[in-house]
Amino acid sequence: MSKVTVLGAGAWGSTMAQVLSDAGNHVLVWGRNQEIVNEINTSHTNRKYLDENVLPLGLSATTNLSEAFEYSNIYVLAVPAQTLRENLKSWKPLVDSDATYISTLKGIEVSTLSRMTEIVHEEMNTENVALITGPNLATELILRQPAGAVAAAPTKILAEKTLKLFATPYYRVYTSTDVLGCELAGAIKSVIALAVGISIGMGFGENTQAMLITRGLNEVARLCAAHGADPLSAAGLAGMGDLVASCGSPLSRNRTFGEVLGRSGSMAVAREHVAKTVEGVASSNAVLEIAHRVGVEVPVIEAVADVVAGTISPSDALDRLMEITTRAENFIR
Ligand SMILES: NC(=O)C1=CN([C@@H]2O[C@H](COP(=O)(O)OP(=O)(O)OC[C@H]3O[C@@H](n4cnc5c(N)ncnc54)[C@H](O)[C@@H]3O)[C@@H](O)[C@H]2O)C=CC1
Ligand SMILES: O=C(CO)COP(=O)(O)O
């Protein structure tokens, strides 16, 4: 049993806090919104993000950063990807120098093309950084529906430590030392879920979705291989697992955003409809640039990045995808 601080009181921070609490840890959640923090402490709910679900009664929350960082030296990060660096900079004077950081984020920083664990390395000057990722829709996990995840860290010891922190009878956590592959897979799935959503919004069915998911998986594997990561991470929970969950579920915010975008053709309408964290929108161009940097072709990701940028319509993007000359269907090439 450990003491753990969860940084972020949105859908995912609150869900991770419940899992950690169920796993027997003492958990304090930090959030910036006083009303939400009060609600967690008094009625044990977070209605804005998690409807009427009742959180563990032992779970408490604070807006006080000093209190949050004094509480423990295990910090679970659950803020949006694009704010992580500025958050870490402002938290730095308060953190324990021996702290362990566990990222739960699924995005790429637009301004630097950094992965989330790279940002923690850079800003906090530590190697003690793990991540937990996989097919984990908050709205299902908060109901304690059975789910699996992968805890990835640079060392087996840290990966095992992360597994032990999170594992519960309903949350099966596997380990990996392929941080790069697992993290890239998590960021890319957000983009592929947008592609699938767009196709649904355009009125297409399962065949189109299956093609986008499978070719999207291929893009994950090729990007992993080109970066020296294990391409087989693409076939695990972080890759295929998360693609199945996010692309297959109307609960995915990325898929839902894509659906509205595919139907309306308007980013403004989609933003209005899904006023939540939609990592694939912010990250699609960054993922594309990462691919271009290593010379990997990623047509599905490119189509999404162009639609999000407004340089091509959803239907022209799909036409473009369908016109690409097909080759042998190798998994990694
Ligand atoms: N919701 C889900 O099912 C899952 C989400 N994730 C990842 O978790 C991360 C967070 O997503 P969610 O919690 O779902 O989003 P959310 O939109 O539900 O909550 C985001 C939280 O971050 C806070 N926030 C926004 N800007 C901030 C800033 N500048 N500084 C500090 N806090 C700020 C918001 O107040 C809110 O509490 C994302 O990277 C997402 O991909 C990962 C797995 C599942
Ligand atoms: O990461 C998730 C599921 O694994 C959540 O997906 P969305 O961010 O698309 O809602």
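Residues numbered from 1 in each chain as written. Chains lettered and ligands numbered in written order. Predicted model: local features only at pLDDT ≥ 70, side-chain atom pairs only at ≥ 80, totals over all residues. Heavy atoms only, no water.

The chain has the name Glycerol-3-phosphate dehydrogenase [NAD(P)+] in an unreviewed UniProt entry, where Candidatus Planktophila vernalis is given as its organism. Recorded in UniProt for the chain, the comment headed Pathway (unreviewed entry) runs: "Membrane lipid metabolism; glycerophospholipid metabolism." Per its UniProt entry, the chain bears the Subcellular location (unreviewed entry) comment "Cytoplasm". (UniProt positions renumbered as here; feature names shortened; annotations may be inferred.)

**Considering the overall build of the chain**
A count of helices and strands for the chain gives 16 helices and 8 strands. Relative to the globule expectation of 20 Å for 333 residues, the C-alpha radius of gyration of the chain, 19 Å, shows essentially globular dimensions. Over its C-alpha atoms, taken along the principal directions, the chain stretches across nearly 55 × 40 × 35 Å. For the chain, the residues scored as buried account for 57% of the 333 residues in total. Across the chain, the fraction of contacts at a sequence separation of at least 24, relative to all contacts at a separation of at least 6, is 69%. When the accessible area of the chain is evaluated, it comes to approximately 14100 Å², of which 51% is carbon and sulfur surface. (Helix = DSSP H or I, 4+ residues; strand = E, 2+ residues; numbered from the N terminus. Rg over C-alpha atoms; globule rule 2.2 N^0.38 Å. Buried < 20%, exposed > 50% of the residue type's maximum accessible area, 1.4 Å probe, protein only. Contact = heavy atoms within 4.5 Å. Areas by Shrake-Rupley, 256 points an atom, 1.4 Å probe, with all protein chains shown as cover.)

**With respect to the site of ligand 2**
Taken together, the residues surrounding ligand 2 are K106, G134, P135, N136, L137, K189, D242, S246, S252, R253 and N254. K106 is positioned such that a nitrogen or oxygen atom in its side chain is 2.7 Å from an oxygen atom of ligand 2. N254 is positioned such that a nitrogen or oxygen atom in its side chain is 2.8 Å from an oxygen atom of ligand 2. In isolation ligand 2 has 300 Å² of accessible area, and contact with the protein removes 92% of it. Of all elements in the fold, only α11 (237-248) and α12 (253-264) reach the threshold of two or more residues within the shell around ligand 2. Across the shell around ligand 2, the residue classes tally to 2 nonpolar, 5 polar and 4 charged. Of the domains in this structure, domain 1 (3-146) and domain 2 (180-323) are the two that each give at least three residues to the shell around ligand 2. (Near = heavy atom within 4 Å. Polar contact = N/O pair within 3.5 Å; in protein donor to acceptor, adjacent residues only side chain to side chain. Nonpolar A, V, L, I, M, F, W, Y, C, P; charged D, E, K, R; others polar. Domains from an automatic or database assignment.)

**Some words on the side chain of N254**
In this structure, N254 sits in helix α12. The buried category is assigned to N254, whose relative accessible area is 5%. Those residues within four positions of N254 in sequence are excluded, and the remaining contacts are K189, S190, A193, L194, V278, E279, G280 and V281.

**A closer look at the domain arrangement of the chain**
Put simply, an interface is often sized by how much accessible area is lost when its parts join up. The domain architecture assigned to the chain consists of domain 1 (3-146) and domain 2 (180-323). Of note, the centres of domain 1 and domain 2, computed from C-alpha atoms alone, are 25 Å apart. At the junction of the two partners, domain 1 supplies 20 residues and domain 2 supplies 25 residues. Between domain 1 and domain 2 the total buried area reaches about 1900 Å² when both faces are included, carbon and sulfur atoms providing 67% of it. On the surface where domain 1 and domain 2 come into contact, there are 2 salt bridges. Note that R115 is salt-bridged to E183, the shortest N-O span being 2.7 Å. Linking domain 1 to domain 2 there are 7 residue pairs in polar contact (both at pLDDT 80 or more). Here the side of domain 1 that touches domain 2 is composed, by residue class, of 9 nonpolar, 7 polar and 4 charged. (Buried area = accessible area lost by both parts, 1.4 Å probe. Salt bridge = Lys/Arg side-chain N within 4 Å of Asp/Glu carboxyl O.)

**Quick word on the UniProt feature "binding site: substrate" (unreviewed entry) in the chain**
UniProt feature "binding site: substrate" (unreviewed entry): in the numbering of this structure it lies at K106, R253 and N254. For the annotated residues, spread through 149 residues, the largest C-alpha to C-alpha distance comes to 12.5 Å, consistent with a single compact locus. With respect to the secondary-structure elements, R253 resides in helix α12. Apart from residues no more than four positions distant in its own chain, R253 is found in contact with V274, K276, T277 and V278.

**Quick look at unusual backbone geometry**
Positioned with a positive phi, H44 is a non-glycine residue whose angle comes to about 60°. Position of H44 relative to the elements: it lies in the loop between α2 (34-42) and α3 (47-50).

**Examining the UniProt feature "binding site: NADPH" (unreviewed entry) in the chain**
According to UniProt, the feature "binding site: NADPH" (unreviewed entry) maps to W12, R32, Y49, K106, A138, R253 and E279 in the numbering used here. Position of E279 relative to the elements: it lies in helix α14 (residues 279-293). Judged by relative accessible area, E279 falls into the buried class, the value being 12%. Those residues in contact with E279 that lie beyond four places of it in its chain are P80, A81, K106, S190 and N254.

**Details of the packing of aromatic side chains**
Taken as a whole and assessed by the stated rule, the structure comprises 4 aromatic pairs. Here F69 and Y75 contribute two aromatic rings whose centre-to-centre distance is 4.9 Å and whose plane-to-plane angle is 85°, an arrangement assigned as edge-to-face. Classification of F69 as buried rests on a relative accessible area of 4%. Three or more aromatic residues link up through ring pairs in this structure, and these residues are W30, F69, Y75, W91 and Y101. Cation over ring: K3 sits above Y71, and NZ or CZ is 4.5 Å from the ring centre. (Phe/Tyr/Trp six-rings, centres within 6.5 Å; stacked < 30°, edge-to-face > 60°. Lys NZ or Arg CZ within 6 Å of the ring centre and 35° of its normal.)

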